[in-house]
Amino acid sequence: MSATTYARTCVEQLNSVLSDESRGPAPHPCLAYAASSQIFVTVTKLALSSHDDGMVRCSAIFFNTLIDSEVDGVVDNRLFARALVDLVRRADKHTEEVEGRLVELLFGVANNIRLQPAILPAWFAPRSDDQDKDRQTITGMEFAGATRMNDFPLFYLLVEYVHHGGRAGDFARTGLLYLIETASRSKILERWLIESDLATLMATGLGALYSQLGSLSFDPIAEEALPHIVALSDHAKYETALPPRLGVSMDSFMSYLLFWQDTVDHCKSAEVNATLLDHFQILFLEQLLYPSLLESSDVEGGSTAAVLTYLYRILESIDQHDLVHRILHFLLASPSDTPPRSPNMSNSRRKSLDVLAAFSEEAARPSPSLFNLKDLALLGLQSTNRQTVLATLRLLTVVLQRHHSFARSLVQTVPGQPGQPRTVGALNAELEQLLGLATTIVDDPTLNESFENYLKDASWVLEARLGLLPAEEHLSEQYPLQLREDDAIVRGLLHLLGTFFTNSVIVNLALTEVFTSIATSHLISLDGWILVDPSKYEYSAANPATSDQHTAALDLFEQIQLAYRAPTWSSTDTPSLTRVLQSLVEQVRQWREDVSDFDILIAARRDLLHQEEDPRRPSIRSRHASRPPTRSPSAKPPARKGPLDSEYGSPRGRSTRPFDVQSATSTLQRNAVGLSMRDPSVFSTKSRESSVARASAADALRKRLAEPFPGNPCGEGAAPKKAQNPAEDIQVKSPGDVLAGPSESATLGHVLTNVVILYEFLLELSAIAQARGTLYEEAGYPGVEAVQQADSS
């Protein structure tokens, strides 16, 4: 037997004895003897000299048993600390299993320090101020967050493994969190963390992982695995229809970013937290993330889409207030992104800020005050690269939904003016207009059911946002703000909406989600861009009961009657978004006149998009808010109810089913061609001709749906040239003078899919407007004075 094998056998026997004793009642003489006799020093020497994984594994088990035993004279023993640090630092780690066991020892010690801060001196021995001054005199080095490994080797060993994956990385990150949390109970450790290179290592480590992120790549997806709504469009095989593959590098970066979030959350020391955030801003945001956004290129194969996607993932993943505040306030060039220095700031913290300020000035990087995230988003909306447009829309959505208190920094707003309240009748008139646009597109017998489902979703979203406060607390009394129609981002979104029928389906789903994200923010009013400003309402002649001699006699019932009066308004006062939607609906109406079976084609396409999910395939959701609601085939057309008569409930689940060619063909044959589908087993010989006719008709329909429709070559307002086939005469153009620009061609099938999306979007907007009127009290029953004021105006 070799010496290594014999030594390993002895340690294994020792582990067996100690393990058995630790499970029994006290006293534990063997564990006490192992601690007092300092066997751990011998075990460390054997493990380091053997260069054997088995021996290292046994040694790790031995140390772990001693740590868990809580025997006096072990974890608080400086000799034990030195032996353990030497073992972890110098042992050969050939496998992940051995590495994980060794880092687990560090985690165990960190956990003990968190629970018993009194044992910290055994592991942490900082130099005194005199030693620091002597060191600076000899080396000429000043405070710069210099590495102090000999002060706290346990800390630096944990930092070394925080980037790792698997058990080793998990133990290292959690152990480091425990040490940082302990700083709130140890002034010496708190000062050391501020003056050490903790924040520098963490920020540069995050930057290093971010620098490893490459360009976006896409894995091919089989046609049957595509979302149904994508498979029925022109861009099913384009990159805009596929989720990007971000790879292992992105996983590592996101894991470390979440570690940053946990660190800021667990750190109870305000000064350590502020030091970490300062380094995060200077070394990561200012020196790396912002330059990558600024220097990105939107040419083919460029990086703009990639960096926007990375920023979208960052903002989607984190919710720690301080981190989000630093990121968005800096990238949006907020004037309050740097908090003033506290007069009670410690010398260590003040030195740290001075060094960072000097470093920032030396780097001389461009400032977001000249080109910020809003400017980049505007360029992204105007890009000809579909992937860039899609990434921009997703970035806008995540800011508006998860961090919507920063919405006013993306889209310009003006303080809301206290004016005439909106009555129930006025809201009903607005909803009637929006729902009228929807019913112009699709005559759906299950309209009430679909609307109820959207109403439930809207109420959940609105209730969730009520508890979120604006970022600028001093403006809270001026909310809700009004959207500025001349804002560049708003105009860019409206321009993109104007090309709705030729846009990629995925782009349209993302675009409508941006609009609904703005509409569901309690910080932004709907007036002026979805609903008419109440001051623009016009009412018919006042009810005789409102004359002076009868005003005092008005009872409650008459006031309610007045509140239900429906106003009118001038076409010049039509809100900006509604005006574009009216233009799109008018385009659909024109197509209905040009194509005799257009209604049948829309019904067939909507039926395909609403089919139940195939249980044999996984569900692939295309979006969160504007997916079509589930239809009930047996639902009967209920009587139309007033917009405020609905009840709220739990939202329904929405999903799309993968594309099924056979099912699509059958549905198109049944709905569009009008031929009855019977079981093939009952077909007679005489019915073969009709079967061939059905197959021929279905094939002709597929070819028709795939025919390209050119954009309007004659310009806006020119009469299109008639063609033999009415479908070929469909001109996909930009409706409205706000939406100038060249139009692209699309197939009939693609246009039909986008028409259905437009219909669902109109229902969703209507539901949001109604839910806001009830939940935010934006519509109600004003008193007589308010009604009389409306009449006089």
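Residues numbered from 1 in each chain as written. Predicted model: local features only at pLDDT ≥ 70, side-chain atom pairs only at ≥ 80, totals over all residues. Heavy atoms only, no water.

In its Sequence similarities (unreviewed entry) section, the UniProt entry covering the protein chain states "Belongs to the FHIP family." (UniProt positions renumbered as here; feature names shortened; annotations may be inferred.)

Trainee: Explanation requested: the overall build of the protein chain in the structure shown.
Mentor: Looking only at helices and strands, the protein chain has 32 helices and 4 strands in total. Expressed as a percentage of its 793 residues, the buried residues of the protein chain come to 52%. Pairs at least 24 residues apart make up 80% of the contacts formed inside the protein chain by residues separated by at least 6 positions. For the protein chain, the computed accessible surface area is about 36,300 Å², with 52% contributed by carbon and sulfur atoms. (Helix = DSSP H or I, 4+ residues; strand = E, 2+ residues; numbered from the N terminus. Buried < 20%, exposed > 50% of the residue type's maximum accessible area, 1.4 Å probe, protein only. Contact = heavy atoms within 4.5 Å. Areas by Shrake-Rupley, 256 points an atom, 1.4 Å probe, with all protein chains shown as cover.)

Trainee: Hey, could you run me through the pattern of salt bridges in this one?
Mentor: A side chain with one charge can pair with a side chain of the opposite charge if their charged atoms come near. Scanning the model with the defined rule gives 19 salt bridges in all. D486 is the salt-bridge partner of R484, the closest N and O atoms lying 2.8 Å from each other. On the accessibility criterion, R484 (31% relative accessible area) is partly exposed. Since its relative accessible area comes to 49%, D486 is described here as partly exposed. Across the salt bridge formed by R606 and E760, the nearest N and O atoms sit 3.4 Å from each other. With R606 in helix α28 (residues 598–609) and E760 in helix α31 (residues 748–775), this residue pair connects regions lying 154 residues apart in the sequence. Assessed through its relative accessible area of 2%, R606 is described here as buried. (Salt bridge = Lys/Arg side-chain N within 4 Å of Asp/Glu carboxyl O.)

Trainee: Help me understand a nonpolar patch on the surface in this model?
Mentor: Taken together, the side chains of L556, I560 and Y564 make up a nonpolar region of the molecular surface, amounting to roughly 290 Å² of accessible area. Among the secondary structure elements, Y564 is positioned in the loop between α26 (556–563) and α27 (576–594). When its relative accessible area of 41% is taken as the criterion, Y564 is described as partly exposed. (Patch = residues over 30% accessible without salt bridge, like charges linked within 9 Å, V, L, I, M, F, W, Y side chains within 5 Å.)

Trainee: Honestly, the side chain of K374 in this entry has me stumped. Any pointers?
Mentor: Positionally, K374 belongs in helix α18 (residues 373–381). Overall, the relative accessible area of 15% leaves K374 in the buried class. Among the polar contacts made by the side chain of K374, one reaches the side chain of D487 at a distance of 2.7 Å. For K374, the contacting residues outside a window of four places in its chain are L332, S409, L410, V411, Q412, D487 and I489. (Polar contact = N/O pair within 3.5 Å; in protein donor to acceptor, adjacent residues only side chain to side chain.)

Trainee: It is not clear to me how the nonpolar core should be interpreted in this structure. Could you clarify?
Mentor: Generally speaking, nonpolar side chains in soluble globular proteins are found buried as a group. Formed by 204 residues in total, the largest nonpolar core has its most connected members in W123 and F253. Shared between two domains, this core takes at least three residues from each, and those domains are domain 1 (240–410) and domain 2 (419–469 + 478–539 + 556–610 + 746–791). By size, the runner-up hydrophobic cluster in this structure holds 6 residues, among which are A426, V532, Y539 and W569. (Core = buried A, V, L, I, M, F, W, Y, C linked by side-chain atoms within 4.5 Å. Domains from an automatic or database assignment.)

Trainee: What am I meant to see in the packing of α18 against helix α23 (residues 488–498) here?
Mentor: In helix packing, the relevant descriptors are the interaxial angle and the interaxial distance, both defined with respect to the helix axes. In contact at an axis separation of 10 Å, α18 and α23 are set at 20 degrees when each is read in the N-to-C sense. It follows that α18 is roughly parallel to α23 by the angle criterion. In terms of crossing hand, the pair formed by α18 and α23 is left-handed. Contact residues: K374, A377, L378 and L381 in α18; A488, I489, G492 and L493 in α23. (Axes fitted to C-alpha atoms, helices over the stretch in contact; angles between N-to-C directions. Parallel < 35°, antiparallel > 145°, perpendicular 65-115°, else oblique. Left-handed = near helix turned anticlockwise from the far one by under 90°.)

Trainee: Explanation requested: a negative patch on the surface in the structure shown.
Mentor: A contiguous patch of negative charge, built from D262, D265, D319 and D322, is present on the exposed surface. Tracing the sequence through the fold places D265 in helix α13 (residues 247–266). Exposure remark for D265: the relative accessible area of 41% places this residue in the partly exposed category. (Lys, Arg positive; Asp, Glu negative; His and termini not counted. Charge placed at Lys NZ, Arg CZ, Asp CG, Glu CD.)

Trainee: Quick question: what am I supposed to make of the packing of aromatic side chains here?
Mentor: In this structure the tally under the stated criterion is 26 aromatic pairs. Considering the side-chain rings of F62 and F63, the 5.7 Å spacing of their centres and the 85 degrees angle between planes classify their relative orientation as edge-to-face. Among the residues examined, F62 registers a relative accessible area of 0% and is labelled buried. In this structure F63 comes out as buried when scored by relative accessible area, which is 0%. Taking the centre distance of 6.4 Å and the plane angle of 90 degrees together, the rings of F80 and W123 count as edge-to-face. One end of the pair, F80, is in helix α5 (residues 78–90); the other, W123, is in the loop between α6 (96–115) and α7 (129–139), with 43 residues separating them in the sequence. Under the relative-accessibility criterion, W123 is labelled buried at 4%. An aromatic cluster of three or more residues is present, and its members are Y210, F253, W260, F280, F284 and Y310. Over the ring of Y178 we find R114; its NZ or CZ atom is 4.1 Å from the centre of that ring. (Phe/Tyr/Trp six-rings, centres within 6.5 Å; stacked < 30°, edge-to-face > 60°. Lys NZ or Arg CZ within 6 Å of the ring centre and 35° of its normal.)

Trainee: Is there a simple way to think about the side chain of Q320 in this case?
Mentor: By the secondary structure assignment, Q320 is in the loop between α15 (304–317) and α16 (321–331). Polar contacts involving the side chain of Q320 include one to the main-chain amide nitrogen of D322, which spans 2.8 Å. In contact with Q320, not counting residues within four places along its chain, are Q261, V264 and D265.

Trainee: Would you mind showing me how to read the environment of H610 here?
Mentor: On the secondary structure map, H610 appears in the loop between α28 and α29 (661–673). A distance of 3.2 Å separates a polar atom in the side chain of H610 from a polar atom in the side chain of E760.

Trainee: What exactly am I supposed to notice about the environment of D607 here?
Mentor: Considering the arrangement of structural elements, one finds D607 in helix α28. According to the relative accessible area criterion, D607 is partly exposed, its value standing at 22%. Placed 149 residues apart in sequence, D607 and V756 show a C-alpha to C-alpha distance of 9.9 Å.

Trainee: In this structure, what is going on with the packing of α18 against helix α19 (residues 386–402)? I would like to understand it.
Mentor: Closest axis-to-axis distance for the α18/α19 pair is 8 Å, and the angle between their directions is 140 degrees. Judged on the interaxial angle alone, α19 and α18 are oblique. Where α18 crosses over α19, the two elements pack in a sense that is left-handed. Seen from α18, the contacting residues are L373, A377, G380 and L381; seen from α19, they are T388, V389, T392, L393, L395 and L396.

Trainee: What is the right way to look at unusual backbone geometry in this model?
Mentor: In terms of backbone geometry, most residues other than glycine have negative phi values and most peptide bonds are trans. In this model, Q38 sits at a positive phi of 60 degrees, which is unusual for a non-glycine residue. The residue Q38 is located in the loop between α2 (29–36) and α3 (39–50) in this model. Taking relative accessible area as the criterion, Q38 reaches 34% and is therefore assigned partly exposed. Its identity as a non-glycine residue notwithstanding, E777 has a phi of 55 degrees, on the positive side. In this structure, E777 sits in the loop between α31 and α32 (784–792).

Trainee: For this particular structure, what's the right way to read the confidence of the model for the protein chain?
Mentor: Fine structural detail should not be taken from predicted coordinates in areas where pLDDT scores are low. In this model, the protein chain carries an average pLDDT of 76, and 71% of its residues clear a pLDDT of 70 or more. Segment residues 473–477: pLDDT under 50, and 2 contacts once partners within four positions in sequence are set aside and those in other chains are kept. A low-confidence stretch, residues 543–549 stays under pLDDT 50, and its non-local contacts, those more than four residues away or across chains, total 10 contacts. (pLDDT = per-residue confidence, 0-100.)

Trainee: Before we go on, may I ask you to explain the environment of F155 in this structure?
Mentor: Assignment of secondary structure puts F155 in helix α8 (residues 153–161). When the C-alpha atoms of F155 and I180 are compared, they prove to be 9.5 Å apart, with 25 residues separating the residues in sequence. Contacts of F155, omitting those with residues within four sequence positions, involve L176, L179, W192, L193 and L198.

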